[in-house]
Amino acid sequence: MVKYEVSSIVITTVFLVLVVLVVTGNIVVCLIIKRSRQMRTPINYLLVNLAVSDILFATFIAPKLIFGLNLSHPEGATGSILCKLVTGGNFAWIPGVSSVVTLVTIAVERYYTVVHPMDPNRKMTKHKLKVILLCSWIFSVIFNIPLFLARTYKREDGKNHCVLSWPKKWMSTANCYAWLFLVVAAVGLMITLYSQVVRPLWLKPKSCVPLSYKQQGVIRVRKRITMMVITVSVIFAICWGAESVEYVLRTTTTLKITFVHIAIVDILVLFNSAVNPLVYGLLNHQFRQKIREVICGTRAVAPRQRTITIEENTNIETKL
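Numbering of residues begins from 1 in every chain and follows the order in which that chain's sequence is written. Confidence filtering applies because this is a predicted model: local features only for residues at pLDDT of at least 70, side-chain atom pairs given and counted only at 80 or more, and all residues used for totals across whole chains, interfaces and linings. The side-chain quantities take in all heavy atoms of the structure and omit both hydrogens and water.

Taking an unreviewed UniProt entry as the reference, the protein chain is identified by name as G-protein coupled receptors family 1 profile domain-containing protein belonging to Pocillopora meandrina. UniProt positions are given in the numbering used here, feature names are shortened, and annotations may be inferred rather than shown by experiment. The UniProt entry for the protein chain carries this comment under Sequence similarities (unreviewed entry): "Belongs to the G-protein coupled receptor 1 family." In its Subcellular location (unreviewed entry) section, the UniProt record describing the protein chain reads: "Membrane".

Side chains that are nonpolar tend, in soluble globular proteins, to be buried together. With 72 residues, the main nonpolar core has Trp179, Leu270 and Phe287 as its most contacted residues. When residues of this core are traced back to their parent elements, those giving at least two are α1 (2-35), α2 (42-70), α4 (93-115), α5 (126-150), α6 (169-203), α7 (213-252), α8 (259-283) and α9 (285-296). To qualify as a helix, a DSSP run of H or I must reach at least 4 residues; to qualify as a strand, a run of E must reach at least 2; elements of each kind are numbered from the N terminus. Among the elements that make up this core, the one with the highest residue count is α7 (12 residues). Not counting residues up to four positions away in its chain, the partners in contact with Leu270 are Phe15, Leu18, Val19, Val22, Phe57, Ala58 and Ile61. Throughout this description, the term nonpolar core refers to a set of buried Ala, Val, Leu, Ile, Met, Phe, Trp, Tyr and Cys residues connected via side-chain atoms within 4.5 Å. Burial here depends on accessible area, computed with a 1.4 Å probe over protein chains only, as a share of the maximum for the residue type. Under 20% is buried, over 50% is exposed, and the range in between is partly exposed. Pairs of residues are marked as contacts when any of their non-hydrogen atoms sit within 4.5 Å.

The subject of this paragraph is helix α3 (residues 76-87). Here the expected length of a helix is defined as 1.5 Å per residue gap, with one fewer gap than residues. Given a rise of 1.5 Å per residue, 12 residues ought to cover 16 Å, yet the end C-alpha atoms of α3 are separated by just 14 Å, more than 12% below that figure. Within the sequence span of α3, burial applies to Gly79, Cys83 and Thr87. In an axial view of α3, the angular spread of the buried residues amounts to 60°, which keeps them on one side of the axis. In this structure, α3 carries Ala77, Thr78 and Ile81 as exposed residues pointing more than 90 degrees from its buried face. The positive-phi residue at the C-terminal boundary of α3 is Gly89, with phi of around 75°. The arc under discussion is defined with respect to the helix axis, by the directions toward the C-beta atoms.

Attention now moves to the pattern of salt bridges. Only one rule defines a salt bridge in this text: a Lys or Arg side-chain nitrogen within 4 Å of an Asp or Glu carboxyl oxygen. Taken as a whole and judged by the stated rule, the model has five salt bridges. A salt bridge links Arg110 to Glu109, with the nearest nitrogen and oxygen atoms 2.9 Å apart. Residue class for Arg110 comes out buried when judged on its relative accessible area of 0%. Across the pair Glu293 and Lys290 runs a salt bridge whose closest N-O atoms are separated by 3.9 Å. Placement of the pair is Glu293 and Lys290 together in helix α9, with a separation of three residues, close to one helical turn.

Turning to the UniProt feature "transmembrane region" (unreviewed entry) in the protein chain, a few remarks are in order. Mapped onto the present numbering, the UniProt feature "transmembrane region" (unreviewed entry) falls on residues 6-33, 45-71, 91-108, 129-149, 177-197, 225-245 and 257-283. Note that residues 129-149 is 100% helix and 0% strand, and that its end C-alpha atoms are spaced 31 Å apart. From the first C-alpha to the last, residues 177-197 spans 30 Å; its make-up is 100% helix and 0% strand.

Here we come to the packing of α8 against α9. The relative placement of two packed helices is expressed as an angle between their axes plus a distance between the axes. Two elements in contact, α8 and α9, have axes separated by 5 Å at closest approach and are oriented at 110°. Relative to α9, α8 is oriented roughly perpendicular. Counting all contacts with α8, which are made through Pro277, Tyr280, Gly281, Leu282 and Leu283, the residues of α9 involved are His285, Phe287, Arg288 and Ile291. Considered class by class, the residues forming the contact of α8 with α9 number six nonpolar, two polar and one charged. Orientation is described by axes fitted as lines to C-alpha atoms, over the contacting stretch for helices, and by angles from 0 to 180 degrees between their N-to-C directions. Under this scheme an angle from 65 to 115 degrees is roughly perpendicular, one under 35 degrees roughly parallel, and one over 145 degrees roughly antiparallel; angles in between are oblique. Note that Gly is not counted as nonpolar here; it falls among the polar residues with everything else outside the nonpolar set of Ala, Val, Leu, Ile, Met, Phe, Trp, Tyr, Cys and Pro and the charged set of Asp, Glu, Lys and Arg.

Below, the discussion takes up the state of the cysteines. Any two cysteine sulfur atoms lying within 2.5 Å of each other are counted as a disulfide. Enumeration over the complete set of coordinates arrives at one disulfide. Note that Cys83 is cross-linked by a disulfide to Cys162, the S-S spacing being 1.8 Å. Residues Cys83 and Cys162 share a disulfide whose torsion about the S-S bond is about 90°; that sign makes it right-handed. Of this pair, Cys83 sits in helix α3 while Cys162 sits in strand β2 (residues 159-164); the two residues are 79 residues apart in sequence, bridging distant segments of the chain. Across the pair, Cys162 and Cys83 agree in class, each one buried.

Below is the structure:
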């Protein structure tokens, strides 16, 4: 019992620290793109959606972990409503699914930008972006409706917990494999798309015709941004992969998986959300500079002339 309490305290502490990091870091990302007109590109708008999803996930998953680890869930009608709407963390997985769709969309955007830069029909416009993001949130809501129907409180380990209780066994199995398919399909698509992106950026033989300074600059920017989003995607695959494996084991096997185990994998997903702004700052000097400006409350003086204003310059004559 003492061991359980100690682990609960440790997990809760780590969780609260991560929540602060997620909210603070991703708010900074949103402020950076809002303040800088130069940063308002399709890829960065997708990063804003990812940041908003991460903030919402951290906000809505908090009651689940705090109640589950430290408190006994209320009973009766009030307890049932709280379980479905607050302490079950159901709302957290709506932005969670949205972040999955957003990462796949980022991979698609990188593919078209790098592999088909001269095709105007494949360019990510603001209109396309709005439609994609709206559809991603609608899909996320629909995908998570079963959680609201199945979530209820149940007595485990001497106290009430908010858990998933499906009327039929096949329902829990179907929901489990739906989540697994979502993550595996997303990772598979990202691997496929990024493998096509990496080839022209890093593996393509050098051309006999020397590139202009402008073209070299565009390639450098594309490499930097692509490396950044690939890193984010790899971290996503690891953290969400662990969450998916835990869910499959909990649903389809007889292994005793306690709420502590569930909390740990939820924290991994939260870690994924917390580390994204750090990745942006480490791998993208423009983000790093803007982060300093936001934190210090200053703005860098823009140079009078800029060789490359935005990455997606459609006037480049040579396909990079």
